[in-house]
Amino acid sequence: MAITILIPTALRAFTDGKAEVEAAGGTVGGVIADFAARYPDIRRHLYDENGALRSFINIYAGDTNIKSLNGLNTAVKDGDALMLVPAIAGGSRRC
Amino acid sequence: MIELSPSLIAAIRGEGEKSYPDECCGFLLGSERAVKELVPVINAREDGERYHRFRIEPDEFMRTELAARKKKLDIVGFYHSHPDHPAAPSEYDREHALPCYSYIIVAVEKGRACKMTSWLLAESRSEFTEEKIV
Ligand SMILES: [Zn+2]
C-alpha cells in the first residue's frame with residue numbers, strides 16, 4: 001500500500017531533496033521502517049541506538065499525533081499521509 | 001546568508017519587545033534562503049520558564065507545515081528572543097537545533113530589541129555558524 005510521507009525541510013537532505021516520498025506498510029511503524037530502508041542515511045536521525053524512535057521526532061497520521069492514536073501500531077491505508085514533525089526548542093541562559 | 005526584508009526585521013524585533021521579559025518564538029516561512037513570512041506562535045513553555053526557554057508544540061509545527069505547503073513555501077527556520085542576554089546561541093539552543101534551518105535570535109535589553117543575528121547548525125552538530133542577514 002502506498003502511503004505518502006511529508007518530509008520537513010531539515011530532513012530533505014536525506015531524501016534527495018524531496019518534500020514528500022512514498023513508502024509501503026500496513027501500520028505507521030511498518031511504513032516508517034520501509035521509508036528508513038529506502039533512505040538509509042535518515043535512519044540515525046529517526047531512531048536511537050536501541051532502535052526506538054527519537055524523542056524529538058513526532059509522527060502525524062493526517063493531522064493527529066500517533067501518540068494519541070495507537071503509536072507505531074496505528075493502522076494506515078492506501079492514500080493516507082504521514083508527516084514527520086520535529087520538536088522545536090531553545091533558549092538563552094543555561095539556568 | 002538569509003534574506004529578510006526591513007519589515008520582517010521590524011516584525012521580529014516587535015515580537016521580542018512584546019513578549020519581554022519572556023522569550024518570543026515563531027516560524028520563518030520562505031523559499032531557498034529568502035524569508036517571506038513570519039508565523040509568531042505561543043511559547044509553549046510553562047510560566048516561570050519562558051524568560052529563558054521556548055518550545056513550539058508539534059501540533060503547531062504540523063499546522064504551519066501544511067499551511068506553508070499550500071502557499072508553496074517551506075519552513076526555512078525559526079526566530080526567538082534572548083531577553084537581557086546577548087544575541088548568540090546558547091548550548092541549550094545548539095543541543096535542540098536541527099541542520100538546514102536558520103535560527104534567528106534577537107537580543108532584547110530592558111524591553112528594547114537590539115542586536116539580531118542568524119545561525120546555522122553545522123552538520124557535525126558541534127557548533128553554530130553565523131550567517132549574514134541581508
Ligand atoms: Zn536561544
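### Considering the overall build of chain A
Next, step 1: Scanning chain A from terminus to terminus reveals 2 helices and 6 strands.
Next, step 2: When its helices and strands are written in sequence order, chain A yields β-β-α-α-β-β-β-β.
Next, step 3: The C-alpha radius of gyration computed for chain A amounts to 14 Å, which stays within 12% of the reference 12 Å derived for 95 residues, consistent with globular compactness.
Next, step 4: Across its three principal directions, the C-alpha atoms of chain A cover 50 × 30 × 25 Å.
Next, step 5: When the 95 residues of chain A are sorted by exposure, 45% land in the buried category.
Next, step 6: For chain A, contacts bridging at least 24 residues in sequence account for 49% of all contacts bridging at least 6.
Next, step 7: Accessible area of chain A: about 4,500 Å², with a carbon and sulfur share of 51%.
Next, step 8: Within chain A, the 10 negative side-chain charges are centred at a point lying 10 Å from the centre of the 10 positive side-chain charges.

### Overview of the sheet that holds strand β2 (residues 20-24) of chain A
Next, step 1: The 5 strands lie next to each other as β2-β1-β5-β3-β4 (chain A), forming an open sheet whose pairing is mixed. At either margin of the open sheet sits one strand with a lone partner, and together these are β2 and β4 (64-65) of chain A.
Next, step 2: Bridge count for strand β1 (residues 2-6) of chain A against strand β5 (residues 81-86) of chain A is 3 bridges, and the pairing is parallel. Bridge pairing in β5 of chain A links Ile5 of chain A to Leu82 of chain A.
Next, step 3: The strands touched by helix α1 (residues 28-38) of chain A within the sheet are β1, β2, β3 (57-61) and β5 of chain A, with β2 of chain A carrying the most contacts at an inclination of about 115 degrees.
Next, step 4: Across the sheet, helix α2 (residues 58-70) of chain B lies against β1, β2, β3 and β5 of chain A, angled at about 120 degrees from β5 of chain A, the strand it touches most.

### Details of the packing of aromatic side chains
Residues and elements named next belong to chain B.
Next, step 1: Going through the model one piece at a time under the given rule, you end up with 7 aromatic pairs over all chains.
Next, step 2: Residues Phe27 and Phe61 carry aromatic rings whose centres are separated by 5.9 Å and whose planes lie at 65 degrees to one another, so their mutual orientation is edge-to-face. Here Phe61 lies in helix α2 and Phe27 lies in strand β1 (residues 25-31), a separation of 34 residues in the sequence.
Next, step 3: Classification of Phe61 as buried rests on a relative accessible area of 0%.
Next, step 4: A ring pair is formed by Phe78 and Tyr101, whose centres lie 4.9 Å apart and whose planes are at 75 degrees; its orientation type is edge-to-face. Highlighted residues: Phe78 in strand β4 (residues 74-83) and Tyr101 in the loop between α3 (91-96) and β5 (102-109), separated in sequence by 23 residues.

### Re α1 of chain A
Residues and elements named next belong to chain A.
Next, step 1: Along α1, the positions that sit buried rather than exposed are Val28, Val31, Ile32, Phe35 and Ala36. Mapping the buried residues of α1 onto a view down its axis gives an arc of 135 degrees, with all of them on the same face.
Next, step 2: Elements in contact with the buried residues of α1: β1, β2, α2 (43-46), β3 and β5.

### A few points about the nonpolar core
Next, step 1: In terms of nonpolar packing, the biggest core is built from 28 residues, with Phe27, Ile56, Phe61, Phe78 and Tyr101 of chain B touching the most fellow members.
Next, step 2: Among the secondary structure elements, those contributing two or more residues to this core are β5 of chain A together with β1, β3 (53-56), α2, β4, β5 and β6 (112-121) of chain B.
Next, step 3: Contact partners of Phe27 of chain B, with chain neighbours within four places excluded, come to Glu37, Leu38, Val39, Val41, Ile56, Glu60, Phe61, Thr64, Ile75, Gly77, Phe78 and Tyr79 of chain B.

Conventions used here
- Residues numbered from 1 in each chain as written.
- Chains lettered and ligands numbered in written order.
- Predicted model: local features only at pLDDT ≥ 70, side-chain atom pairs only at ≥ 80, totals over all residues.
- Heavy atoms only, no water.
- Helix = DSSP H or I, 4+ residues; strand = E, 2+ residues; numbered from the N terminus.
- Rg over C-alpha atoms; globule rule 2.2 N^0.38 Å.
- Buried < 20%, exposed > 50% of the residue type's maximum accessible area, 1.4 Å probe, protein only.
- Contact = heavy atoms within 4.5 Å.
- Areas by Shrake-Rupley, 256 points an atom, 1.4 Å probe, with all protein chains shown as cover.
- Lys, Arg positive; Asp, Glu negative; His and termini not counted.
- Charge placed at Lys NZ, Arg CZ, Asp CG, Glu CD.
- Pairing = 2+ DSSP bridges.
- Axes fitted to C-alpha atoms, helices over the stretch in contact; angles between N-to-C directions.
- Phe/Tyr/Trp six-rings, centres within 6.5 Å; stacked < 30°, edge-to-face > 60°.
- Arc of directions from axis to C-beta.
- Core = buried A, V, L, I, M, F, W, Y, C linked by side-chain atoms within 4.5 Å.

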